[in-house]
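Each chain, letter by letter, is given below.
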Amino acid sequence: MLLKIPVFLFATSFNVVAASLNSQLHRRDLAATIAAERTIALQGALDNIGPNGAKAPGAYAGVVVASPSTDDPNYYYTWIRDSALTFKMLVDELLTGNTSIKPLIEDYVKSQAIIQTVSNPSGSLSSGRGLGEPKFYVNETRFNGPWGRPQRDGPALRAITLIAYTRWLLKNDGTAEAKADIWPVIRNDLNYVAQFWNQTGFDLWEEVSGSSFFTLAVQHRALVEGAAIAKQMGFSCAGCDSQSPNILCFLQSFWNGKHIVANINTAVQRTGIDSNTILGSIATFDPDAYCMDATFQPCSHRALANLKVYVDSFRDIYDINAGIPASSAVATGRYAEDIYFNGNPWYLCTLAVAEQLYGAIQQWLARHNLFITEVDLAFWQSIYPQAKIGQYNSGTSSFDNLTSAAMRFADGFVEIVDKYVPVSGSLSEQYSRENGTALSAHDLTWSYASYVTMAAARRAATTVLASAREPIQVPSWGERSANSVPSVCVASSVAGNYTPATGAGTLAGAGGCTVTVLFRVNATTYYGENIYLTGNTTDLGNWSPAEAVPGNAANYTSERPLWYFEIDLPASTAISYKYLRQESNGSWLYESQNRTYAVPVCGTQAETGSAIVEDAWVGPTGTPSKG
Ligand SMILES: *[C@@H]1O[C@H](CO)[C@@H](O)[C@H](O)[C@H]1NC(C)=O
Ligand SMILES: *[C@@H]1O[C@H](CO)[C@@H](O)[C@H](O)[C@H]1NC(C)=O
Ligand SMILES: *[C@@H]1O[C@H](CO)[C@@H](O)[C@H](O)[C@H]1NC(C)=O
Ligand SMILES: *[C@@H]1O[C@H](CO)[C@@H](O)[C@H](O)[C@H]1NC(C)=O
Ligand SMILES: *[C@@H]1O[C@H](CO)[C@@H](O)[C@H](O)[C@H]1NC(C)=O
Ligand SMILES: *[C@@H]1O[C@H](CO)[C@@H](O)[C@H](O)[C@H]1NC(C)=O
Ligand SMILES: *[C@@H]1O[C@H](CO)[C@@H](O)[C@H](O)[C@H]1NC(C)=O
Ligand SMILES: *[C@@H]1O[C@H](CO)[C@@H](O)[C@H](O)[C@H]1NC(C)=O
Ligand SMILES: *[C@@H]1O[C@H](CO)[C@@H](O)[C@H](O)[C@H]1NC(C)=O
Ligand SMILES: *[C@@H]1O[C@H](CO)[C@@H](O)[C@H](O)[C@H]1NC(C)=O
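From a predicted model like this one, the values you see are computed outputs, not experimental measurements.

Bringing the sheet that holds strand 10 (residues 514–522) into the picture now. Working definition: the strands of a sheet are paired by backbone hydrogen bonds and lie parallel or antiparallel to each other. The mixed open sheet is built from 3 strands, whose spatial order is 13-10-17. Unpaired on one side and paired on the other, strand 13 (562–570) and strand 17 (612–616) mark the two borders of the sheet. This sheet shows a mean twist of 20° between the axes of neighbouring strands, independent of strand direction. Here 5 bridges tie strand 10 to strand 17, and the two strands are oriented parallel to one another. Its bridge partner being in strand 17, arginine 520 is matched across the sheet by glutamate 614.

Structural data, given as structure tokens:
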């Protein structure tokens, strides 16, 4: 393989390079390896994007396929989260001057405008609820299978990506496009965040229903940036200004004094030590920020203490980490309790640790100082035993030694990944805890995107920066103006208006007005039985049990055997429907009658009582499951 020689050598003016020649040569090798793998990773991501991506047959224009893997696991879908993170990487590449990416971003904008209008099991655009749907088929149609839904990070991440693109457009003669095409997509997403941030949903790993640190952190950022970009274009986002402080306030609850707890408001019992938190810190990195604990900036005491706790949680559980000293990098995964594919390290999680540290280094260099407190002392001492509580200013050898220890530690995570990347350079989702071989979905787009963003962060951490830091560094999102925590946290919500972003090219007639109908049915069930609703429209699964809507038994009692369904249905239409009962062995029992319902007019709210249906099961009862 022909490797390009790296251009980013260390900046001697920062003296961050350890003195020994060996170490410098080693760094040069690492830079060369990173440069080569970054090229492969960028191409790997592009290959998974429709319509022309080499590994994305059938994907519509601008649609990101999560992985070309169609079996064990089947990831041939598009996720809102993965797509937004991938296109954030591509927008950042555009900002560095690679304008050849622009047409692809335009495709992405259109694909997202269309997907916003697709009614799905989470709901519709009209109610906003449909924006929380995590994944779709690569032809922009709904996926009806059971899934952890809704996931409320998607709209926030998409807004962040499109805001970054909008800023570029505003500086590059694209004001009309930004206002007419992009803003209506962003506005829907911001409205979603302002309305739903205070409700539970599934986390980024699609496993835990609750409040997720990652989700709240990116929601806060989205509303802060959203308010600013709206103002800049002469629009307004009332929900942004009123809700962002409330989110920041709630975000403080995730800090337990020792580490960030990934999920709260959940019944799932785990330590909470999870790469969710590292990914949250890098997704909200602001190069202009001080090392603020409130926003968990990469260089903050909390985020560094958390990084150590997170990394250490993997030292003793993966065979491939055996014998690595406590001062060095190890392979890391999602969380120690993980059992998916037997629980392995993930490339993107290991790379995220490096990226957090590269972000932190950018922040210390830009602020010209670094503070150690009792909160992050253990982190510092693990990588630099002489570290003590105090302030260290740039220009001193203590500052140089500390930042250089952080750089060495960060590079160690990249070296671990490089060690376990196959010779082809392709990045799958996981690498074996036993021997480091690639596992699970191959060519995972998010893995590729994470390599490119890691490389960009390292470049920014190791390049002499003049006063104009862009485009080497990612732009600020305004953290400095949005890091003061209100003294009282408020549970709140601002109801939003959601309209199809027609300027970006939504399909005619899509995204029309719906009414959220509450179906309540008394249906006594045995343990292991479930009630579904189906009917004669796509929203109801067209009489197919496999596509039927699953009921919620949260309020089921022996006095009131209630199953309920909240379904967004087109206003002023009529439906035929019935309830289904699935036995614990998988077989289906149907109600003996078909029912009809006239959906009320646009604007009807279930709270007024006019969109509530009260039914009682009519048909065969099931059989108790054995055992
Ligand atoms: C610029 O983007 C194109 C895709 O539009 C990609 O093929 C190319 O490798 C990128 N160039 C660099 C230097 O990253
Ligand atoms: C979209 O893709 C799904 C899954 O491959 C397929 O079942 C469906 O028929 C496709 N729909 C359209 C409109 O192409
Ligand atoms: C809603 O916000 C309040 C105030 O911060 C908080 O106590 C509560 O846990 C939040 N609930 C959810 C589901 O976000
Ligand atoms: C920084 O590291 C160098 C080289 O190891 C060492 O000589 C120097 O004493 C250190 N500076 C401080 C303040 O510890
Ligand atoms: C590596 O470990 C995986 C399980 O983690 C196993 O399936 C595979 O066979 C092992 N490969 C080698 C070369 O030992
Ligand atoms: C379920 O119970 C909760 C708490 O009592 C109540 O607020 C909610 O309205 C109920 N939902 C339905 C669909 O009955
Ligand atoms: C579904 O059934 C209702 C009630 O019978 C009927 O009015 C409506 O046209 C049907 N919808 C479709 C899409 O067939
Ligand atoms: C499931 O159980 C029911 C009742 O016990 C029985 O009638 C049915 O045949 C079973 N179905 C399957 C697929 O085993
Ligand atoms: C009644 O329901 C069945 C499914 O159980 C469906 O196949 C049939 O088309 C429905 N008939 C009418 C008239 O809606
Ligand atoms: C459902 O059960 C409750 C409690 O027994 C009862 O008050 C209600 O009338 C029932 N609803 C229907 C539609 O039968």
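We are not done yet, so read on.
The next thing to look at is the sheet that holds strand 4 (residues 209–212). Taken together, 3 strands build an open sheet; the order of strands is 3-4-5 and the sheet is antiparallel. Among the strands making up the open sheet, the edge pair consists of strand 3 (201–202) and strand 5 (263–264). Bridge count for strand 3 against strand 4 is 2 bridges, and the pairing is antiparallel. Bridging from a neighbouring strand, glycine 201 pairs with glycine 210 of strand 4.

In the neighbourhood of ligand 2, the contacting residues comprise Tyr137, Asn139 and Thr141. One of the side-chain N or O atoms of asparagine 139 is found 2.3 Å from an oxygen atom in ligand 2. Burial of ligand 2 by the protein amounts to 34% of the accessible area it has alone, namely 360 Å².

A few words on the packing of aromatic side chains. All chains considered together, the criterion is met by 32 aromatic pairs. Three or more aromatic residues joined by ring pairs form one cluster here, namely Tyr75, Tyr77, Trp79, Tyr137, Phe143 and Trp147. The side chain of arginine 270 reaches across the aromatic face of tyrosine 335, ending 3.7 Å from its centre. The side chain of arginine 367 reaches across the aromatic face of tyrosine 290, ending 5.2 Å from its centre.

As far as domains go, the protein holds domain 1 (27–481) and domain 2 (513–616). Summarising the inter-unit geometry, the C-alpha centres of domain 1 and domain 2 are found 37 Å apart. Counting from both sides, the interface comprises 8 residues of domain 1 and, opposite them, 8 residues of domain 2. Between domain 1 and domain 2 the total buried area reaches about 740 Å² when both faces are included, carbon and sulfur atoms providing 34% of it. Seen at the junction of domain 1 and domain 2, the total is 2 salt bridges. A salt bridge links aspartate 539 to arginine 142; the shortest N-O distance between them is 2.8 Å. At the boundary of domain 1 with domain 2, the tally comes to 8 residue pairs in polar contact (both at pLDDT 80 or more). Taken together, the residues of the side of domain 1 that touches domain 2 break down into no nonpolar, 6 polar and 2 charged.

Right, let's get into the environment of leucine 444. Mapped onto the elements, leucine 444 comes out in the loop between strand 9 (438–439) and helix 13 (445–461). Taking the C-alpha atoms as reference, leucine 444 lies 9.7 Å from aspartate 82; in sequence the two are 362 residues apart.

Looking now at the UniProt feature "active site" (unreviewed entry) in the protein. UniProt's entry tags Asp203 and Glu206 with the feature "active site" (unreviewed entry), counted in the numbering of this structure. Given a relative accessible area of 0%, aspartate 203 falls into the buried group. The residues touching aspartate 203, leaving out its near neighbours within four places in the chain, are Arg81, Gln151, Val208, Ser212 and Asn263. Locating glutamate 206 in the fold gives a position in the loop between strand 3 and strand 4. Once you skip the residues sitting within four places of it in the chain, glutamate 206 turns out to touch Trp79, Arg81, Pro134, Trp147, Gly148 and Gln151. Polar side-chain contacts of glutamate 206 include one of 2.7 Å to the side chain of tryptophan 79.

Moving on: the site of ligand 7. Around ligand 7, the surrounding shell consists of Asn536, Ala574, Ile575 and Ser576. Here an oxygen atom of ligand 7 and a side-chain polar atom of asparagine 536 are 2.3 Å apart. Contact between ligand 7 and serine 576: an oxygen atom at 2.9 Å from a side-chain N or O atom of the residue. Burial of ligand 7 by the protein chains amounts to 43% of its free accessible area of 360 Å².

Before going further, it helps to examine the pattern of salt bridges. Charged atoms that come close allow side chains of opposite charge to pair. Scanning all chains against the criterion turns up 26 salt bridges. The salt bridge involving lysine 102 is made with glutamate 177; its shortest N-O contact spans 3.6 Å. A residue pair is termed long-range when its members are at least 10 positions apart, and lysine 102 in helix 3 (residues 102–116) and glutamate 177 in helix 5 (residues 175–196) qualify at 75 residues. We note a salt bridge from aspartate 338 to arginine 334, for which the minimum N-O separation is 2.9 Å. Shared partners join several salt bridges into a network, and the residues in it are Glu207, Arg270, Asp274, Arg334 and Asp338.

Pairing geometry for strand 10 and strand 13, over 9 bridges, is antiparallel. Bridged to threonine 516 within strand 13 is aspartate 568.

What follows concerns helix 6 (residues 213–232). Here helix 6 is 20 residues long and its end C-alpha atoms lie 29 Å apart, about the 28 Å a rise of 1.5 Å per residue gives. Counting buried residues in helix 6 gives 17 out of 20 residues, a clear majority hidden from the surface. Immediately downstream of helix 6, the backbone of glycine 234 shows phi near 80°, a positive value.

Our focus in this paragraph is the nonpolar core. With 136 residues, the main nonpolar core has Trp364 and Trp380 as its most contacted residues. Take this core: its biggest share by element is 13 residues, from helix 10 (residues 347–367). Grouped together as the second largest cluster of nonpolar side chains are 23 residues, Phe519, Ile531, Ile575 and Tyr579 included.

Put simply, helix 6 and helix 8 (residues 275–283) touch, their axes get as near as 8 Å, and they point 10° apart. Classified by the interaxial angle, the pair formed by helix 6 and helix 8 is roughly parallel. Contact with helix 6, carried on its side by Phe213, Phe214, Ala217, Val218 and Arg221, involves Asn276, Thr277, Leu279, Gly280, Ser281 and Ala283 of helix 8 and no other residues of that element. Within the contact of helix 6 with helix 8, the residues separate by chemical class into 6 nonpolar, 4 polar and 1 charged.

Quick look at the state of the cysteines now. As enumerated under the stated definition, the model contains 4 disulfides in all. There is a disulfide in this structure between cysteine 237 and cysteine 240, and the S-S distance comes to 2.0 Å. Between cysteine 237 and cysteine 240 the sulfur-sulfur dihedral comes to about 70°; the bridge is accordingly right-handed. The residues cysteine 237 and cysteine 240 share a single accessibility class, namely buried. With its sulfur 2.0 Å from that of its partner, cysteine 249 forms a disulfide with cysteine 489. Its torsion about the S-S bond being -90°, the disulfide of cysteine 249 and cysteine 489 is classed as left-handed. One end of the pair, cysteine 249, is in helix 7 (residues 238–251); the other, cysteine 489, is in the loop between helix 13 and strand 10, with 240 residues separating them in the sequence.

Scoring rules and cut-offs
- Residues numbered from 1 in each chain as written.
- Chains lettered and ligands numbered in written order.
- Predicted model: local features only at pLDDT ≥ 70, side-chain atom pairs only at ≥ 80, totals over all residues.
- Heavy atoms only, no water.
- Pairing = 2+ DSSP bridges.
- Helix = DSSP H or I, 4+ residues; strand = E, 2+ residues; numbered from the N terminus.
- Axes fitted to C-alpha atoms, helices over the stretch in contact; angles between N-to-C directions.
- Near = heavy atom within 4 Å.
- Polar contact = N/O pair within 3.5 Å; in protein donor to acceptor, adjacent residues only side chain to side chain.
- Areas by Shrake-Rupley, 256 points an atom, 1.4 Å probe, with all protein chains shown as cover.
- Phe/Tyr/Trp six-rings, centres within 6.5 Å; stacked < 30°, edge-to-face > 60°.
- Lys NZ or Arg CZ within 6 Å of the ring centre and 35° of its normal.
- Domains from an automatic or database assignment.
- Contact = heavy atoms within 4.5 Å.
- Buried area = accessible area lost by both parts, 1.4 Å probe.
- Salt bridge = Lys/Arg side-chain N within 4 Å of Asp/Glu carboxyl O.
- Nonpolar A, V, L, I, M, F, W, Y, C, P; charged D, E, K, R; others polar.
- UniProt positions renumbered as here; feature names shortened; annotations may be inferred.
- Buried < 20%, exposed > 50% of the residue type's maximum accessible area, 1.4 Å probe, protein only.
- Expected span 1.5 Å × (residues − 1).
- Core = buried A, V, L, I, M, F, W, Y, C linked by side-chain atoms within 4.5 Å.
- Parallel < 35°, antiparallel > 145°, perpendicular 65-115°, else oblique.
- Disulfide = S-S within 2.5 Å.

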